[in-house]
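# Structure assessment
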Amino acid sequence: MNFLKSGIKTVLGAPEPGQQPSVAETVERLVERASNSTLLEDRRDACRALKALSRKYRLEVGAQGLDTLRQILELDRADNETINYALDTLNNIVSPSQFEEEEDKPHIPMNIGDQFTEMFIKDPHNIQLVLDLLDEYDFRVRLSTVQLLISLLTNRTKDIQEIILDKPMGVSKMMDLLGDTREVIRNEALLLLIKLTKGNANIQKIVAFENAFDRLFEIVSSEGYSDGGIIVEDCLLLMLNLLKNNSSNINFFKEGSYIQKMLPMFNIPEDTEEVGWSPQKVSNVHCMLQLVRTLVSPSNSAQIISNCQKIMKNSGLLEAMCNILMASGVPADILTETINSVGEVVRGETANQEFIGNVIAPSYPPRPAIIVLLMSMVNEKQPFPLRCAVLYCFQCYLYHNEISQANLVQTLLPSSTDVSSLTSGQILCGGLFSSDVLSNWCAAVALSHALIDNTQQKEQLLRVLLATNVGGNPVSLLHQCTLLLQQTTKLQSKVALLMLLSQWMSNCPAAVSAFLQVPGGVGYLVNQTCSNEHDDNEYLLQGLSAFLLAICIHFNDDSVQNYSKDSLKQLLVKRIGMEVFTAKLSEVSKHELYNKAAKHPQLRGTSPADVLIDYEFCRLFKSLESVLSESLSDRHENGTEPERSGSEDLEQYKALIRQQDARLHELVHQLDALAQQARGLQSALNDSLAANSLLKDENTLLKAQVSANSIPMPQSTLPSPPQPDPKLGEYEERIQQLNGEVTKLNGEVVRLNGEVTRLNGEVERLNGEVKTAKDAEKNATEELEKLQKDQDDLLYLLANYDSKTNEYKMRLLQLGETVEDDEPTEEENLT
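Note that the structure is predicted; figures quoted are calculated from it, not measured.

### Regarding unusual backbone geometry
The residue Asn211 is not glycine, and still its phi comes out positive at about 65°. Inspection of the secondary structure puts Asn211 in the loop between helix H12 (201–208) and helix H13 (212–223). Look at Asn245: it is not a glycine, yet its phi comes out positive at around 55°. When you line up the elements, Asn245 lands in the loop between helix H14 (230–243) and helix H15 (247–255). Take Asn245: its relative accessible area is 67%, and that puts it in the exposed class.

### Points about the side chain of Asn246
With respect to the secondary-structure elements, Asn246 resides in the loop between H14 and H15. Since its relative accessible area comes to 3%, Asn246 is described here as buried. Leaving out residues up to four positions away in the same chain, Asn246 has contacts with Ala201, Gln204 and Lys205.

### Some points on the pattern of salt bridges
Scanning the model with the defined rule gives 23 salt bridges in all. Residue Arg77 is joined to Glu136 by a salt bridge in which the shortest nitrogen-to-oxygen separation is 3.1 Å. With a gap of 59 residues between them, Arg77 in the loop between helix H4 (58–75) and helix H5 (80–94) and Glu136 in the loop between helix H7 (125–132) and helix H8 (139–155) connect regions that are remote in the sequence. When its relative accessible area of 29% is taken as the criterion, Arg77 is described as partly exposed. Linking Glu118 and Arg156 is a salt bridge whose minimum nitrogen-to-oxygen distance equals 3.3 Å. Of this pair, Glu118 sits in helix H6 (residues 112–120) while Arg156 sits in the loop between H8 and helix H9 (157–166), and the two are 38 residues apart along the sequence. Among the charged side chains, a salt-bridge network with shared partners connects Arg44, Asp45, Arg48, Asp79 and Glu81.

### Focus on helix H26 (residues 437–448)
An ideal rise of 1.5 Å per residue puts 16 Å on twelve residues; H26 measures up with 17 Å between its terminal C-alpha atoms. Taken across its twelve residues, H26 has twelve buried, putting it largely inside the fold. Every buried residue of H26 is accounted for by Val437, Leu438, Ser439, Asn440, Trp441, Cys442, Ala443, Ala444, Val445, Ala446, Leu447 and Ser448. Tucked into the core, H26 has its buried residues touching helix H22 (369–377), helix H23 (384–398), helix H24 (402–410), helix H25 (424–432), helix H28 (477–487) and helix H29 (491–505).

### Thoughts on the environment of Ile203
You can see Ile203 is positioned in helix H12. Sequence separation between Ile203 and Leu165 is 38 residues; the distance between their C-alpha atoms is 7.2 Å.

### Quick look at empty space enclosed by the protein
Sizing a probe to match a water molecule and rolling it over the atoms shows the empty space that remains. Scanning the entire structure with this criterion turns up four cavities of 30 Å³ or more. Counted as a void, the largest cavity has a volume near 70 Å³. What lines the largest cavity is Arg347, Tyr392, Gln395, Cys396, Tyr399, His449, Pro601, Asp614, Tyr615 and Glu616. Those elements giving two or more residues to the lining of the largest cavity turn out to be H23 and helix H36 (615–640). Its residues assigned to classes, the lining of the largest cavity comprises five nonpolar, two polar and three charged.

### A short note on a negative patch on the surface
The grouping of Glu782, Glu783, Glu785, Asp790 and Asp792 at the surface amounts to a negative patch. Structurally, Asp792 is set in helix H38 (residues 726–814).

### Quick word on the packing of H7 against H8
Running from N to C, H7 and H8 point in directions that differ by 145°, and their axes come no closer than 9 Å. Our pair here, H7 against H8, has a crossing hand that is left-handed. Between H7 and H8, the residues in contact are Ile127, Val130 and Leu131 and Thr145, Leu148, Leu149 and Leu152, respectively. The residue inventory of the contact of H7 with H8, partitioned by class, reads six nonpolar, one polar and no charged.

### Points about the nonpolar core
Formed by 208 residues in total, the largest nonpolar core has its most connected members in Phe266 and Leu477. Excluding residues that lie within four positions of it along the chain, Leu477 makes contacts with Cys429, Leu432, Phe433, Leu447, Leu461, Val464, Leu466 and Trp504. If you look at the next biggest cluster of nonpolar residues, it comprises 15 residues, including Leu671, Leu685, Val756 and Leu766.

Scoring rules and cut-offs
- Residues numbered from 1 in each chain as written.
- Predicted model: local features only at pLDDT ≥ 70, side-chain atom pairs only at ≥ 80, totals over all residues.
- Heavy atoms only, no water.
- Helix = DSSP H or I, 4+ residues; strand = E, 2+ residues; numbered from the N terminus.
- Buried < 20%, exposed > 50% of the residue type's maximum accessible area, 1.4 Å probe, protein only.
- Contact = heavy atoms within 4.5 Å.
- Salt bridge = Lys/Arg side-chain N within 4 Å of Asp/Glu carboxyl O.
- Expected span 1.5 Å × (residues − 1).
- 1 Å grid on protein atoms, 1.4 Å probe; cavity = no way out; pocket = protein on both sides within 12 Å on 5 of 7 lines; lining within 4 Å.
- Points joined across faces, edges and corners; volume = space filled by probe spheres on them.
- Nonpolar A, V, L, I, M, F, W, Y, C, P; charged D, E, K, R; others polar.
- Patch = residues over 30% accessible without salt bridge, like charges linked within 9 Å, V, L, I, M, F, W, Y side chains within 5 Å.
- Areas by Shrake-Rupley, 256 points an atom, 1.4 Å probe, with all protein chains shown as cover.
- Lys, Arg positive; Asp, Glu negative; His and termini not counted.
- Charge placed at Lys NZ, Arg CZ, Asp CG, Glu CD.
- Axes fitted to C-alpha atoms, helices over the stretch in contact; angles between N-to-C directions.
- Left-handed = near helix turned anticlockwise from the far one by under 90°.
- Core = buried A, V, L, I, M, F, W, Y, C linked by side-chain atoms within 4.5 Å.

Below is the structure:
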């Protein structure tokens, strides 16, 4: 500290006896010397002193010296030492973290670095000055420049990204840093690129086409692949940024044969169990598995997924991951992520699914890997994430694979083959009727995935018989599931069984018929739907029961006499009511866990309590909800409303359409007016925010001066108290006024946005009603035309009959026969 004080004295000169300059005065004199001194040595010494002060007195140095430091970057580029001091000072000023020296200063805002970053980037030319310094080969200048860019990106990522995109060769200069032979700069450049590429597809494409993957794989190879240090992890994180949600880069990665270069990362030495896995190796392999999943993520296009899956199998990557699965001594989190990765690599790809089905685990006796995984899934002693991963992998194994689905169901059917070996069907049945709730849920969901869009297997599964008691008659699996549904008191088990039965009975009249024959099945569903429990999970249970009941009605083939479509419909109307039934059905999609499950095929939860709804069931519910509601509503209307003539319906629909069309035009006009008003308010709000921002910057400078002047000094050297700047009060008053206006305008904008949203909803609703009315009008017109055509045909037939009758009478008279005059009248003919 004494050395620092002596250095500042050297720069500023010794103070007059009896006076001690304040921090603000010291900074002011240093800034003035750095800005106006003609000698380079003086400017350099001033920058060195500012750097020393910038950690403890960041606010004062930033408020007074920001413009001067920018000026030094532009005018003193020839002197690397001065530039380095200026860069380090700027980095301290905009640093996103708090320094230890600042901990005893509570008046300094926590986001002071973000505020100075905002002031620095108001002029985009400042970023260009920093980017130009990347061309300097000097170690200290280049390193300080990279660190300053990292700080700026941390504070204002999106703003800096947009500025860099507008600067020619900006990204290319950063990419060139990866080729720097000095590892410190290369490693810092990796951190810079990780922040730069986060969430910006355009920058990701530029970086990828600057040969980023080649350079990154070279670094990974030189560092020792998975046995390397944290630099390998940084390279993989950068690759993840480049590939995530970026189909263009994924195609480039795939076509550039980079998938094959991933294989050495998964080569696990044989002595790994003895040596163990270091924490860094765990992180490296975990990142590489994330990279694999990014390439075959279900959110990618089907073409990209299929191509990547084929390459991974042909290159041996899938086999290498299966080897990790079957290896011993693998950490639990790596094993879990590997299971998830293998699942997504085989999902929907028949050849890969067949490969994983043929993998044999090194156990005694030898068993297929699928069997070993399913045993882990229904074992309550296994970690929860591992059990969820096995379920997801098994779902992927069955996905769009009728052969795998048929093989699973076949293991449950009576067979003359050896029954001593454990099968997947036996494991799932054991889990389905286990006392462990999570095993119930996982087994039911896994079994339901064998029935998705596969009517044949739904009918085959009806043949599965279970022996309940010794010497008792066996019962069907569906019968036993229905009885278990009525007996269990556990929420997760009930939901799992309802999902299984819904998947089983949808589009399968035979399964519906079998369910209706189970004693008490329909009564249980009706009672559950009528329940008045007011809890989110109870609402979900009521909705699922209503859904299964609607499936029983819609897919009913009337083969069970007591439970025909009409009798079930009458039971529903009398016991529940159509409006209540529809409301209960809609509760399913409102549940929090339903919306969470519908986002991704993989089950994601931190505890067993988060496991309730399956992704494929969400897809089934979405596809059938409207169909079932319309089907039941149509039957309800047709069964209770009297028939009306086609012309009356037609006139009613026309009047309804005219009325709704007029309302629609009125709402559209209101919407346009509100939108114009909202645009005006938004413009005023933007003006106020700009003025407010300018005043905040000026206020920051004034506060820095005031706070510096208010630092206490010894009584003997205390000068006369400085007078507060009169502009400070005016600025603060103006800021408060603008803040009030901004708050008011924000409220008005929110209100108008709400009104616009409401009117949009009203317009959409009316459009739907108009469309429905037009469809009904069209149907009524077609019915009326059909009736008129039938009437014309009937009149033609009667006239033809009358003509032939008269002709036959004339012939009889000519033959001398007597003909009685009993010809019916025209009215009787019409009747």
